[in-house]
Amino acid sequence: ARGDQRIQWFRSVTFNIDNGSGTTIDDVIFSDLDKDAYVVHVRAVYVEATDTTGAASANFKLGTAAGGATIVAATALEVSQSVGDATEATIVAPRVAAGSALFARHTGIAATEAGQYYLQVGVLTKP
(Lines give C-alpha, C1' and ligand atoms only; values in the text may rest on other atoms or scores of the structure.)
Protein backbone atom coordinates (compact mmCIF):
# COMPACT_ATOMS: atom_id res chain seq x y z
CA ALA A 1 0.00 0.00 0.00
CA ARG A 2 1.12 3.54 -0.70
CA GLY A 3 0.21 6.98 0.56
CA ASP A 4 -3.28 7.24 2.05
CA GLN A 5 -3.80 3.50 1.53
CA ARG A 6 -1.41 2.92 4.45
CA ILE A 7 -3.53 4.88 6.93
CA GLN A 8 -5.12 2.77 9.67
CA TRP A 9 -8.30 4.14 11.20
CA PHE A 10 -9.05 3.88 14.92
CA ARG A 11 -12.21 4.87 16.78
CA SER A 12 -12.75 5.86 20.41
CA VAL A 13 -15.71 4.99 22.58
CA THR A 14 -18.73 7.26 22.26
CA PHE A 15 -18.50 10.20 24.67
CA ASN A 16 -21.56 11.95 26.11
CA ILE A 17 -20.92 15.70 26.17
CA ASP A 18 -22.92 16.30 29.36
CA ASN A 19 -21.29 13.69 31.61
CA GLY A 20 -20.79 16.28 34.35
CA SER A 21 -19.00 19.60 34.67
CA GLY A 22 -15.25 18.99 34.59
CA THR A 23 -15.72 15.22 34.73
CA THR A 24 -13.20 13.34 32.58
CA ILE A 25 -13.38 10.04 30.74
CA ASP A 26 -10.26 8.36 29.33
CA ASP A 27 -10.10 5.87 26.47
CA VAL A 28 -7.19 3.95 24.96
CA ILE A 29 -7.28 4.46 21.18
CA PHE A 30 -4.48 1.94 20.58
CA SER A 31 -1.56 0.45 22.44
CA ASP A 32 1.63 -1.46 21.82
CA LEU A 33 2.05 -1.04 18.05
CA ASP A 34 5.18 -2.81 16.83
CA LYS A 35 6.38 0.26 14.83
CA ASP A 36 6.53 3.99 15.31
CA ALA A 37 3.29 5.63 14.24
CA TYR A 38 2.27 9.10 13.13
CA VAL A 39 -1.17 10.52 13.84
CA VAL A 40 -2.25 12.22 10.61
CA HIS A 41 -5.95 12.93 11.16
CA VAL A 42 -8.17 13.46 14.21
CA ARG A 43 -11.78 14.55 14.29
CA ALA A 44 -14.79 14.33 16.57
CA VAL A 45 -17.77 12.83 14.72
CA TYR A 46 -21.16 13.69 16.22
CA VAL A 47 -23.64 10.81 16.66
CA GLU A 48 -26.15 12.94 18.56
CA ALA A 49 -26.76 16.58 17.62
CA THR A 50 -25.52 19.35 19.89
CA ASP A 51 -27.79 22.23 20.81
CA THR A 52 -27.18 25.94 20.32
CA THR A 53 -25.27 26.59 23.55
CA GLY A 54 -22.94 24.86 25.97
CA ALA A 55 -21.20 22.17 23.93
CA ALA A 56 -18.18 24.41 23.32
CA SER A 57 -17.37 24.16 27.03
CA ALA A 58 -16.61 20.44 26.60
CA ASN A 59 -13.36 19.30 24.99
CA PHE A 60 -11.12 16.41 24.04
CA LYS A 61 -7.36 15.90 23.79
CA LEU A 62 -4.97 13.09 22.84
CA GLY A 63 -1.63 12.11 24.30
CA THR A 64 0.74 9.25 24.95
CA ALA A 65 -0.26 9.18 28.63
CA ALA A 66 -3.72 9.19 30.19
CA GLY A 67 -4.87 12.81 30.35
CA GLY A 68 -1.97 13.98 28.20
CA ALA A 69 -2.15 16.48 25.36
CA THR A 70 1.12 15.78 23.55
CA ILE A 71 -0.55 14.75 20.28
CA VAL A 72 -3.66 16.99 20.20
CA ALA A 73 -4.14 19.90 22.61
CA ALA A 74 -7.54 20.46 24.22
CA THR A 75 -10.02 20.97 21.38
CA ALA A 76 -13.44 22.45 22.12
CA LEU A 77 -16.51 20.75 20.74
CA GLU A 78 -18.96 22.81 18.70
CA VAL A 79 -22.54 23.96 19.14
CA SER A 80 -25.30 23.39 16.56
CA GLN A 81 -23.72 20.28 15.07
CA SER A 82 -25.92 17.68 13.37
CA VAL A 83 -25.46 13.92 13.36
CA GLY A 84 -22.54 13.15 11.02
CA ASP A 85 -20.90 16.59 11.37
CA ALA A 86 -17.31 16.69 12.59
CA THR A 87 -14.90 18.93 14.48
CA GLU A 88 -11.36 18.76 13.11
CA ALA A 89 -8.48 18.79 15.60
CA THR A 90 -5.05 20.33 15.15
CA ILE A 91 -2.21 17.86 15.63
CA VAL A 92 0.56 19.31 17.80
CA ALA A 93 3.16 16.52 17.53
CA PRO A 94 2.20 13.44 15.53
CA ARG A 95 4.73 10.77 16.61
CA VAL A 96 3.80 7.84 18.85
CA ALA A 97 6.80 5.61 19.58
CA ALA A 98 6.62 1.87 19.02
CA GLY A 99 5.26 0.09 22.07
CA SER A 100 3.50 3.21 23.35
CA ALA A 101 -0.22 3.92 23.60
CA LEU A 102 -2.50 6.70 22.40
CA PHE A 103 -5.02 7.97 24.95
CA ALA A 104 -8.04 10.21 24.49
CA ARG A 105 -9.51 12.31 27.29
CA HIS A 106 -12.99 13.83 27.16
CA THR A 107 -13.82 16.60 29.63
CA GLY A 108 -17.56 17.09 30.01
CA ILE A 109 -19.98 19.81 30.99
CA ALA A 110 -23.10 20.06 33.14
CA ALA A 111 -25.78 17.42 32.68
CA THR A 112 -28.18 19.58 30.65
CA GLU A 113 -26.52 19.71 27.22
CA ALA A 114 -27.33 17.43 24.31
CA GLY A 115 -24.71 15.72 22.17
CA GLN A 116 -22.54 12.64 21.79
CA TYR A 117 -19.47 11.99 19.65
CA TYR A 118 -16.61 9.62 18.99
CA LEU A 119 -13.06 10.35 17.88
CA GLN A 120 -11.86 9.11 14.50
CA VAL A 121 -8.06 8.86 14.37
CA GLY A 122 -5.99 8.20 11.23
CA VAL A 123 -2.55 6.69 11.88
CA LEU A 124 0.33 6.04 9.50
CA THR A 125 2.87 3.47 10.73
CA LYS A 126 6.51 3.50 9.66
CA PRO A 127 7.21 0.95 6.92
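Residues numbered from 1 in each chain as written. Predicted model: local features only at pLDDT ≥ 70, side-chain atom pairs only at ≥ 80, totals over all residues. Heavy atoms only, no water.

1. Points about the overall build of the protein chain
Right, so step 1: Scanning the protein chain from N- to C-terminus turns up zero helices and ten strands.
Right, so step 2: Walking the protein chain from its N terminus toward its C terminus, one meets helices and strands in the order β-β-β-β-β-β-β-β-β-β.
Right, so step 3: Against the 2.2 N^0.38 benchmark of 14 Å for 127 residues, the protein chain shows a C-alpha radius of gyration of 15 Å, consistent with a compact globule.
Right, so step 4: Dimensions of the protein chain along its principal axes, counting C-alpha atoms only, are 45 × 25 × 20 Å.
Right, so step 5: The 127 residues of the protein chain split such that 41% are buried.
Right, so step 6: Residue pairs in contact within the protein chain that sit at least 24 positions apart in sequence constitute 79% of those at least 6 positions apart. (Helix = DSSP H or I, 4+ residues; strand = E, 2+ residues; numbered from the N terminus. Rg over C-alpha atoms; globule rule 2.2 N^0.38 Å. Buried < 20%, exposed > 50% of the residue type's maximum accessible area, 1.4 Å probe, protein only. Contact = heavy atoms within 4.5 Å.)

2. Examining the packing of aromatic side chains
Right, so step 1: Following the criterion strictly, the structure yields four aromatic pairs and no others.
Right, so step 2: Each ring, one from Phe-60 and one from Tyr-117, has its centre 6.1 Å from the other, and the planes form 40 degrees; the classification is tilted. With Phe-60 in strand E5 (residues 59-63) and Tyr-117 in strand E10 (residues 116-125), this pair connects stretches of sequence that are 57 residues apart.
Right, so step 3: Stacked on the ring of Tyr-118, the Lys or Arg Arg-11 has its end atom at 3.8 Å from the ring centre. (Phe/Tyr/Trp six-rings, centres within 6.5 Å; stacked < 30°, edge-to-face > 60°. Lys NZ or Arg CZ within 6 Å of the ring centre and 35° of its normal.)

3. Considerations on the pattern of salt bridges
Right, so step 1: Under the definition given, this model contains three salt bridges.
Right, so step 2: The residue Asp-26 makes a salt bridge to Arg-105 at a minimum N-O spacing of 2.7 Å. Within this pair, whereas Asp-26 is found in strand E3 (residues 24-31), its partner Arg-105 is found in strand E9 (residues 101-107), the two being separated by 79 residues in sequence.
Right, so step 3: Close ionic contact of Asp-36 with Lys-126 constitutes a salt bridge, the shortest N to O distance being 4.0 Å. In this pair, Asp-36 sits in the loop between E3 and strand E4 (37-48) while Lys-126 sits in the segment after E10, placing the two residues 90 residues apart along the sequence. (Salt bridge = Lys/Arg side-chain N within 4 Å of Asp/Glu carboxyl O.)

4. Quick word on the environment of Leu-119
Right, so step 1: Turning to its location among the elements, Leu-119 is positioned in strand E10.
Right, so step 2: Setting aside residues up to four positions removed in sequence, Leu-119 forms contacts with Phe-10, Arg-11, Ser-12, Phe-15, Arg-43, Ala-44, Phe-60, Leu-62 and Ala-104.

5. Here we look at the sheet that holds E5
Right, so step 1: Ordered by their spatial adjacency, four strands build an open sheet running E3-E9-E5-E6, and the pairing between neighbours is antiparallel. On the outer flanks of this sheet lie E3 and strand E6 (72-76), each paired with one strand and no other. Averaged over all neighbouring strand pairs, the angle between strand axes comes to 15 degrees, with direction disregarded.
Right, so step 2: Pairing analysis gives five bridges linking E5 to E9, with the strands arranged antiparallel. Within E9, the residue paired with Asn-59 across the bridge is Thr-107. (Pairing = 2+ DSSP bridges. Axes fitted to C-alpha atoms, helices over the stretch in contact; angles between N-to-C directions.)

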